[in-house]
Amino acid sequence: MLISWLKDAREAQGLTMRDLAKILEVPHSFVGKVEQCERRIDVIEYMAYCRALGLSPVDGISYLEKQDK
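Quick caveat: nothing in here was measured; it's all calculated off a predicted structure. (Residues numbered from 1 in each chain as written. Predicted model: local features only at pLDDT ≥ 70, side-chain atom pairs only at ≥ 80, totals over all residues. Heavy atoms only, no water.)

Attention shifts here to the overall build of the protein. A count of helical and extended segments in the protein gives five helices and zero strands. Computed over C-alpha atoms, the radius of gyration of the protein comes to 11 Å, within 12% of the 11 Å expected from 2.2 N^0.38 for 69 residues, which places it in the range of a compact globule. Dimensions along the principal axes, computed over C-alpha positions, put the protein at roughly 35 × 25 × 20 Å. Residues counted as buried form 32% of the 69 residues belonging to the protein. At a minimum sequence separation of 6, the contacts of the protein that also span at least 24 residues come to 57%. Total accessible area on the protein is roughly 4,700 Å²; 54% of this is exposed by carbon and sulfur atoms. In the protein, 10 positive and 11 negative side-chain charges are present, and the distance between their average locations comes to 3 Å. (Helix = DSSP H or I, 4+ residues; strand = E, 2+ residues; numbered from the N terminus. Rg over C-alpha atoms; globule rule 2.2 N^0.38 Å. Buried < 20%, exposed > 50% of the residue type's maximum accessible area, 1.4 Å probe, protein only. Contact = heavy atoms within 4.5 Å. Areas by Shrake-Rupley, 256 points an atom, 1.4 Å probe, with all protein chains shown as cover. Lys, Arg positive; Asp, Glu negative; His and termini not counted. Charge placed at Lys NZ, Arg CZ, Asp CG, Glu CD.)

For the pair helix H2 (residues 17–24) and helix H3 (residues 28–35), interaxial distance at closest approach is 8 Å and the crossing angle is 115°. At the point where H2 passes H3, the crossing takes the right-handed sense. Each of Met17, Arg18, Leu20, Ala21 and Leu24 in H2 lies in contact with H3, whose residues at this interface are His28, Phe30, Val31, Gly32 and Glu35. Its residues assigned to classes, the contact of H2 with H3 comprises six nonpolar, two polar and two charged. (Axes fitted to C-alpha atoms, helices over the stretch in contact; angles between N-to-C directions. Left-handed = near helix turned anticlockwise from the far one by under 90°. Nonpolar A, V, L, I, M, F, W, Y, C, P; charged D, E, K, R; others polar.)

This next bit is on the side chain of arginine 10. Secondary-structure assignment places arginine 10 in helix H1 (residues 2–12). Classification of arginine 10 as buried rests on a relative accessible area of 5%. Those residues in contact with arginine 10 that sit more than four places away from it in its chain are Leu15, Thr16, Met17, Leu20, Glu35 and Leu53.

So, in structure tokens, the structure goes:
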């Protein structure tokens, strides 16, 4: 799932949910709810999440395609 890809990237960078929330300028509960799949993110939020983690949004879509096979 795309959210697990984002969470794995955050953890691999040694960032806490609070660290990422500061970068995104959102409450830490936003990151927690996203990562626990309690909240969906839209395309704009996905792009911001990727940018904050230094990820390419295209790589996330490619990841999804690989998981679908």
